[in-house]
Amino acid sequence: MQSHYSDFRERGAELYAISVDTPAVSKRSVIEGLGVQFPVLSDESRETIKAYGVHDRIANIAKPSAFVIDQSGIIRYKSIGDTSNRESIDTLIEELEKLGVSSGFNLSVPAGISLIHLPLAVTGVNGDSRSITRISDLFDALGGEANVHWLITTPPSTRDGSSRFQVFFRPSDAGAHFPADAVIQPDTGILVSVRDPVMVDLAGDPVEGKLRLYPGPNLVGLPHRDAGVRRVSDFAQFPGFLDKISLISIYANGTFHPILPNEIASGALNDVEISSGNAFVVVAKESAVLGFGIE
C-alpha cells in the first residue's frame, strides 16, 4: 500500500491501516518496520474490526480487508480477504475515482536535482486558491528566486525542433516570447534544482491527456493513472511502443537510471516504479502517442 499512497492522495483520499496490536507494537512493527507514512490506528479492543465484520474469532485478529468510505461515512466498497495484491489495489483506486471527490497531492521536492510531473490541473496551492499553468507559476510555488536554481522542460513548441531543452531561471525571464515559460501540459516533465527541500500541497483535478513523444529526448510524466502503467515494465503492454524508443531513464537518488527497450521486453531488468509526481526521460526514435494505445 505504501508504494501506492500517492495514488490514493491524488484522488482526494486518506489511507488508514488498522492493527489489533497495541500502539507501541504497531509503531515498531508497522510504522518503523515497514516504513509506512500513512496513519496506523490501534484497535487493541477489537471493537472496530467487530463492527466492520472482519473479526477472525479463532485467531482473534482482523481478516485482511479494505473499505472505501465516502465523505458522508457511507461504505461504498469493501473487500474481505487478501487485499495485498495489485489487482485489489487497482480496484480500490477505481472505486475512489467513481466517487468523484476533489483531489489533492503533496508534491515533495528534495534539495538538489529532481525530475517531477504535476498529476493535477492545479487550482489550489498550500490552501490558497491559486493555479499553476505555466513554468513561472511552478517557479513561484517552489519558493521563487530564494529557493529555485532553475527549471528545465522540453516544451511542445520545441520538442520537435533543434532547441529541445529550455531552462527557466527567474520571473524576469518570463514572457510569451520565451519558450522556457511554457504552458504545463498534462504530460510535461520538469527537471528541477532547488536549494532547500520543499513540500507543496496541491489541489485540483487529475490531468487527462496522452503522453506525446517527439524524436530525441523528452522530459515527460504520465497524465493517465488509469492507463495501467505503474512500473517501467508496464510499457511492454502497448503494441509497438518499445520499437519507437531507444531509452527510458528514471532519475532517483541523484542518478539517472537508463533502461533499454530490450530489457523491458525481455523482463531482464530491475523493475522501477513510476509514482505520481515523478517524471522520466524518454529518448524516442520517432513520434509516438501513448494513451490507451499507440497512434
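Use the structure listed above.
These numbers were taken from a predicted model, which means no experiment stands behind them. (Residues numbered from 1 in each chain as written. Predicted model: local features only at pLDDT ≥ 70, side-chain atom pairs only at ≥ 80, totals over all residues. Heavy atoms only, no water.)

**Student:** Please give an account of the sheet that holds strand E19 (residues 280-284) that cites residues and values.
**Tutor:** Strand order in the open sheet formed by four strands is E16-E19-E17-E18, with antiparallel pairing between adjacent strands. Strand pairing shows two members of the sheet lacking a second neighbour, strand E16 (216-220) and strand E18 (255-259), which therefore form its edges. Averaged over all pairs of adjacent strands, the angle between their axes in this sheet comes to 25 degrees, without regard to strand direction. Two strands pair when backbone bridges link them, and strand E17 (residues 245-252) and E18 are joined in this way by five bridges, in the antiparallel orientation. Across the sheet, residue Ser249 finds its bridge partner in E18, namely Pro258. (Pairing = 2+ DSSP bridges. Helix = DSSP H or I, 4+ residues; strand = E, 2+ residues; numbered from the N terminus. Axes fitted to C-alpha atoms, helices over the stretch in contact; angles between N-to-C directions.)

**Student:** Which residues make up a nonpolar patch on the surface, and what values do they have?
**Tutor:** A cluster of nonpolar side chains, namely Tyr16, Ile18 and Leu41, defines an oily patch on the protein surface of about 300 Å² accessible area. With respect to the helices and strands, Tyr16 occurs in the loop between helix H1 (5-10) and strand E1 (17-19). (Patch = residues over 30% accessible without salt bridge, like charges linked within 9 Å, V, L, I, M, F, W, Y side chains within 5 Å. Areas by Shrake-Rupley, 256 points an atom, 1.4 Å probe, with all protein chains shown as cover. Salt bridge = Lys/Arg side-chain N within 4 Å of Asp/Glu carboxyl O.)

**Student:** Talk me through the nonpolar core; I want residue IDs and the actual numbers.
**Tutor:** Ile132, Leu138, Leu142, Leu151 and Leu202 are the most contacted members of the largest nonpolar core, which totals 25 residues. The set of elements that each furnish at least two residues to this core consists of strand E7 (103-109), strand E9 (120-125), helix H5 (135-141), strand E11 (148-153), strand E13 (189-194) and strand E14 (198-206). Here this core takes four residues from H5, the largest share from any one element. The residues contacting Leu138, other than those within four sequence positions of it, are Ile116, Leu118, Ile132, Leu151, Ile184 and Ile190. Within the second largest apolar cluster, 21 residues are counted, among which are Leu213, Leu222, Phe238 and Phe241. (Core = buried A, V, L, I, M, F, W, Y, C linked by side-chain atoms within 4.5 Å. Buried < 20%, exposed > 50% of the residue type's maximum accessible area, 1.4 Å probe, protein only. Contact = heavy atoms within 4.5 Å.)

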